[in-house]
Amino acid sequence: MQYGVSLQSYNTLGFEATAQALAEADSLLSLRRILAAGHHRFRRIIPLGGGSNVVMKPCIEGLVVRYTGRRIWQESVNEHEALWHVEAGVNWQALVEETTRGGWWGLENLALIPGSVGAAPIQNIGAYGTEIGDRIENVHVMHIADGRYEILDRTQCDFGYRHSIFKAALAGRVMIVRVVLRLGLEGKPRIDYGDLARRLSGTPGPSDIATAVADIRREKLPDPHVLGNAGSFFKNPVVPPEQAERLMTQWPGLPVWKTAQGTKLAAGWLIDQCGWKGYCDKNVGVHRQQALVLVHYGDASVNDLLEMAGRIGDSVEARFGVTLEMEPGIIGR
Ligand SMILES: Cc1cc2nc3c(=O)[nH]c(=O)nc-3n(C[C@H](O)[C@H](O)[C@H](O)COP(=O)(O)OP(=O)(O)OC[C@H]3O[C@@H](n4cnc5c(N)ncnc54)[C@H](O)[C@@H]3O)c2cc1C
């Protein structure tokens, strides 16, 4: 356990933040010990993965815990399908590469999303028309309060758009230690999203699709190693169909997607219409090509970023009557 640890390199926005303490566990035994010791000494225990979906404030009271186990193994279901057991500490992109190169279908559209496997179920990571929840068989967790081990199947996880039970009833209450994914050696390309189909020819396999997705993402999104960011800063708002109809009549260019929960509006478009794209002040700003991505140019205050995010939300609300919700969570004070 380390005390007074800088977490600047543990958050992709790159804000300076100091954790009261940080501990890493690479096995269930060490995790259980760390949690037990942590309860005696700290008021809070905070799970952390790669820090690509958090906004860190300067002072993080409590014990930050990372599960770094990186074991991967397969359980055969039949000759075409296997359950991939993947520990939470595995890097997400490394898993996408390993599975797609081996000819396994399922993760190809989710290429180049930063972060760890353990965090993937939390907001049900999604991209290019797919979500990880569709592939999850179950999620193994350890309860932070008492070290209890539990396996939640897909229905218990309550996956939705950027949502799961881990962002609701179980938020901050469990450490995800393993994710079990059902992948297949036979699959259908899902390339009817954005300009993916244009990049591919013939009969693309999972590895071709993953490479194309990664290429597009590199062109469109800032690399967090170069420019601090947390990907999409706001969720795409989901509104009732009648409200969407009214907005589309008034704003014919508004991109929308119909979903089971309602009509999803492109938050980036709403923000762009309010004139924020490329905005910069006090070393924080809105990315020049992607209005949904807020960026940190270095040595800025996290409060300036949050204050700007608040003003962006206010302007979208005033113009369109739509409320934006932040996607990353805030840690610390
Ligand atoms: C450039 C960029 C592009 C992105 N693109 C996408 C995208 O296309 N789609 C998408 O869905 N997301 C995207 N994201 C967001 C982010 O990459 C994902 O949400 C990712 O799953 C976060 O992983 P992480 O390990 O960095 O989690 P962290 O940021 O470390 O943690 C996120 C949350 O999960 C909790 N947590 C982390 N690990 C565990 C664990 N093992 N057990 C319990 N709780 C845990 C943390 O407490 C925190 O609340 C993007 C981010 C960036 C920077």
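Let me sum up the structure you'll find in this document.

Cut-offs used in this document
Residues numbered from 1 in each chain as written. Predicted model: local features only at pLDDT ≥ 70, side-chain atom pairs only at ≥ 80, totals over all residues. Heavy atoms only, no water. Helix = DSSP H or I, 4+ residues; strand = E, 2+ residues; numbered from the N terminus. Rg over C-alpha atoms; globule rule 2.2 N^0.38 Å. Buried < 20%, exposed > 50% of the residue type's maximum accessible area, 1.4 Å probe, protein only. Near = heavy atom within 4 Å. Polar contact = N/O pair within 3.5 Å; in protein donor to acceptor, adjacent residues only side chain to side chain. Areas by Shrake-Rupley, 256 points an atom, 1.4 Å probe, with all protein chains shown as cover. Nonpolar A, V, L, I, M, F, W, Y, C, P; charged D, E, K, R; others polar. Pairing = 2+ DSSP bridges. Axes fitted to C-alpha atoms, helices over the stretch in contact; angles between N-to-C directions. Left-handed = near helix turned anticlockwise from the far one by under 90°. Contact = heavy atoms within 4.5 Å. Core = buried A, V, L, I, M, F, W, Y, C linked by side-chain atoms within 4.5 Å.

Bringing the overall build of the protein chain into the picture now. Helix and strand content of the protein chain: eight helices and 20 strands. In terms of overall size, the protein chain behaves like a compact globule, its C-alpha atoms giving a radius of gyration of 20 Å where 333 residues would be expected to give roughly 20 Å. Taken along the three principal axes of its C-alpha coordinates, the protein chain extends 60 × 50 × 35 Å. The 333 residues of the protein chain split such that 50% are buried.

The environment of the ligand is made up of 30 residues, and the closest members are P47, G50, S52, N53 and S116. Interatomic distance of 2.8 Å between a backbone N/O atom of G51 and an oxygen atom of the ligand. In isolation the ligand has 980 Å² of accessible area, and contact with the protein removes 90% of it. Counting residues per element, the ones that place at least two in the shell around the ligand are β8 (126–127), β12 (174–184) and β13 (228–232). Residues belonging to the shell around the ligand are distributed by class as follows: 16 nonpolar, 12 polar and two charged.

Sheets are built from strands that pair by backbone hydrogen bonding, the pairs being arranged parallel or antiparallel. One open sheet accounts for three strands, arranged β14-β16-β15; its pairing is antiparallel. Each having just a single partner strand, β14 (238–239) and β15 (256–259) make up the two edges of the open sheet. Sheet topology places β14 next to strand β16 (residues 262–265); two bridges connect them, and they run antiparallel. Considered in β16, the bridge of V238 is made with K264.

Two elements in contact, helix α2 (residues 92–101) and helix α5 (residues 206–220), have axes whose closest approach is 8 Å; the angle formed by their N-to-C orientations is 145°. Crossing angle aside, the handedness with which α2 passes α5 is left-handed. Contacts from V96, T100 and R101 in α2 reach P206, S207 and A210 in α5. Here the residues of the contact of α2 with α5 are counted per class, giving three nonpolar, two polar and one charged.

We now examine the nonpolar core. With 40 residues, the main nonpolar core has W92, L95, F166 and L181 as its most contacted residues. For this core, the secondary-structure elements that each account for two or more residues are β7 (81–87), α2, β10 (136–143), β12 and α5. Once residues lying within four places of it in the same chain are set aside, the contact partners of L181 are A82, L83, W84, V86, L95, L107, I132, R135, I136 and E137. One finds V286, A291, L292 and A309 within the second-largest nonpolar core, a separate group that totals 34 residues.

So, about the sheet that holds strand β3 (residues 45–47). On the basis of which strands lie adjacent, the open sheet formed by four strands has the order β1-β2-β5-β3 and mixed pairing. Each end of this open sheet is capped by a strand with a single partner; those strands are β1 (2–6) and β3. Here the average twist between neighbouring strands, direction ignored, is 45°. Taken together, the four bridges between β1 and strand β2 (residues 18–25) define a ladder with antiparallel strand orientation. From the neighbouring strand, S6 faces β2, where its bridge partner is T18. Set on the sheet, helix α1 (residues 28–41) makes contact with β1, β2, β3 and β5 (59–67); between it and β5 the angle comes to about 165°.

Any functional reading would require information beyond the geometric quantities listed.
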